[in-house]
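Per-entry structural report
Now for the letters of each chain:
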Amino acid sequence: MKNIAVLLSGGGTNLQSIIDAIEAGKINGRIKLVISNKKDAYGLKRAEKHNIKASFDNDESSIIERLLSEEIDLVVLAGFLKILSPKFTKTFENKIINIHPSLIPSFCGVGYYGLNVHKAAVDYGVKVSGATVHFVDENADTGPIIAQEVVEVLADDTAETLQRRVLEVEHSILPMVVEKYCDDKIEVSGRRVYIK
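Being a predicted model, the structure only gives us computed values, none of them experimental.

As for the pattern of salt bridges
If you walk through the whole model with that rule in mind, you get 7 salt bridges. For Arg66, the salt bridge is made with Asp57, and the minimal N-O distance between the two is 3.5 Å. Of the charged contacts in the structure, one is a salt bridge between Lys196 and Glu187, with a shortest N-O distance of 3.6 Å. Taking the relative accessible area as the measure of exposure, Glu187 reaches 41% and is therefore partly exposed. Because the salt bridges share partners, they merge into one network encompassing Lys32, Lys53 and Glu70.

If you want it as structure tokens, here you go:
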């Protein structure tokens with residue numbers, strides 16, 4: 001069974017999707033730790049409701065130490081609005097995944113988070129958007145892509161309506177990737193990721 005840590009900054013709906021999948025017996029893993037860089041993140045309350053250790057921590061060195069001491073196998077960034085340092089990403093190379101609300105490499109990188117992503121997609125006039133789960137490296141949204149799912153952009157979409165539909169997709173592909181990771185079914189070769 002794999003030990004999972006979830007880092008978040010907000011409401012924690014993606015955390016909830018993983019908790020639900022674990023409780024349904026789909027994921028061979030357990031969330032040992034939820035850490036937020038925002039004191040008032042609702043995601044911390046979600047974790048506590050499920051008896052998961054949850055805390056506020058904004059110091060990267062302290063977070064690394066805690067992840068190592070808890071023998072964490074997988075770090076999930078679920079709406080964690082902070083770029084990790086090369087030290088962090090090297091310590092947990094190919095053990096950190098992130099969910100991003102677009103089809104990378106579109107609408108990603110520094111400044112593309114939350115509603116900004118969906119506003120950019122709608123303003124650009126793209127016909128499809130979606131969600132991407134990828135490994136995390138030292139740059140924003142540039143690690144190898146593990147899974148993507150497409151969402152059609154409708155003619156009357158606003159950033160808010162598109163965000164709601166993309167979030168539904170996030171809630172299905174993130175737990176799926178966590179499940180495959182915990183079953184050792186993800187293989188990385190350079191930039192290519194294979195799911196067995």
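That shown, we press on.
Some points on the packing of aromatic side chains
Per the stated rule, a full pass over the model turns up 3 aromatic pairs. Each ring, one from Phe88 and one from Phe92, has its centre 5.6 Å from the other, and the planes form 45°; the classification is tilted. The buried category is assigned to Phe88, whose relative accessible area is 0%. For the ring pair Phe107 and Tyr124, a centre distance of 6.0 Å and an interplane angle of 70° mean the geometry is edge-to-face. Here Tyr124 lies in helix H5 (residues 115-124) and Phe107 lies in the loop between strand E5 (96-100) and H5, a separation of 17 residues in the sequence. Three or more aromatic residues joined by ring pairs form one cluster here, namely Phe107, Tyr112 and Tyr124.

Remarks on the packing of helix H1 (residues 13-23) against helix H6 (residues 159-182)
The contact between H1 and H6 brings their axes to 9 Å, and the two run at 50°. The angle between H1 and H6 falls in the class oblique. In this structure, H1 crosses over H6, and the sense of that crossing is right-handed. In this structure, H1 uses Thr13, Asn14, Ser17, Ile18 and Ala21 to contact H6, whose residues at the interface are Leu167, Glu170, His171, Leu174, Pro175 and Val178. Across the contact of H1 with H6, the residue classes break down as 6 nonpolar, 4 polar and 1 charged.

Re the UniProt feature "binding site: (6R)-10-formyltetrahydrofolate" (unreviewed entry) in the protein
UniProt records the feature "binding site: (6R)-10-formyltetrahydrofolate" (unreviewed entry) at Leu81, Lys82, Ile83, Leu84 and Asn98, using the numbering of this structure. With the annotated positions falling across 18 residues, the maximum pairwise C-alpha distance of 11.5 Å places them together in a single cluster. Given the relative accessible area of 51%, Ile83 is considered exposed. Those residues in contact with Ile83, other than ones at most four positions away along the chain, are Glu60, Glu138 and Ala140. Looking at the secondary structure, you find Leu84 in the loop between strand E4 (74-77) and helix H4 (86-91). On the basis of relative accessible area, Leu84 is assigned to the buried category, the value being 5%. Ignoring sequence-local partners within four residues, the contact set of Leu84 consists of Glu60, Leu77, Thr89, Ile96, Val136 and Glu138.

Let's talk about the sheet that holds E4
Ordered in space as E3-E2-E1-E4-E5-E6-E7, the 7 strands form an open sheet in which the pairing is mixed. A strand with exactly one partner marks an edge of an open sheet, and here the two such strands are strand E3 (54-56) and strand E7 (145-152). Neighbour-to-neighbour, the strand axes of the sheet open up by a mean angle of 20°, direction not taken into account. Here strand E1 (residues 2-8) runs beside E4; their pairing, made up of 4 bridges, is parallel. Residue Ile4 lies in a different strand from E4, and its bridge partner there is Leu74. On top of the sheet, H1 reaches E1, strand E2 (29-36), E4 and E5; it is set at about 160° to E2, its chief contact. Together, E1, E2 and E3 form the strand contacts of helix H2 (residues 42-49), whose direction differs from that of E3 by roughly 155°.

Criteria and cut-off values
- Residues numbered from 1 in each chain as written.
- Predicted model: local features only at pLDDT ≥ 70, side-chain atom pairs only at ≥ 80, totals over all residues.
- Heavy atoms only, no water.
- Salt bridge = Lys/Arg side-chain N within 4 Å of Asp/Glu carboxyl O.
- Buried < 20%, exposed > 50% of the residue type's maximum accessible area, 1.4 Å probe, protein only.
- Phe/Tyr/Trp six-rings, centres within 6.5 Å; stacked < 30°, edge-to-face > 60°.
- Helix = DSSP H or I, 4+ residues; strand = E, 2+ residues; numbered from the N terminus.
- Axes fitted to C-alpha atoms, helices over the stretch in contact; angles between N-to-C directions.
- Parallel < 35°, antiparallel > 145°, perpendicular 65-115°, else oblique.
- Left-handed = near helix turned anticlockwise from the far one by under 90°.
- Contact = heavy atoms within 4.5 Å.
- Nonpolar A, V, L, I, M, F, W, Y, C, P; charged D, E, K, R; others polar.
- UniProt positions renumbered as here; feature names shortened; annotations may be inferred.
- Pairing = 2+ DSSP bridges.

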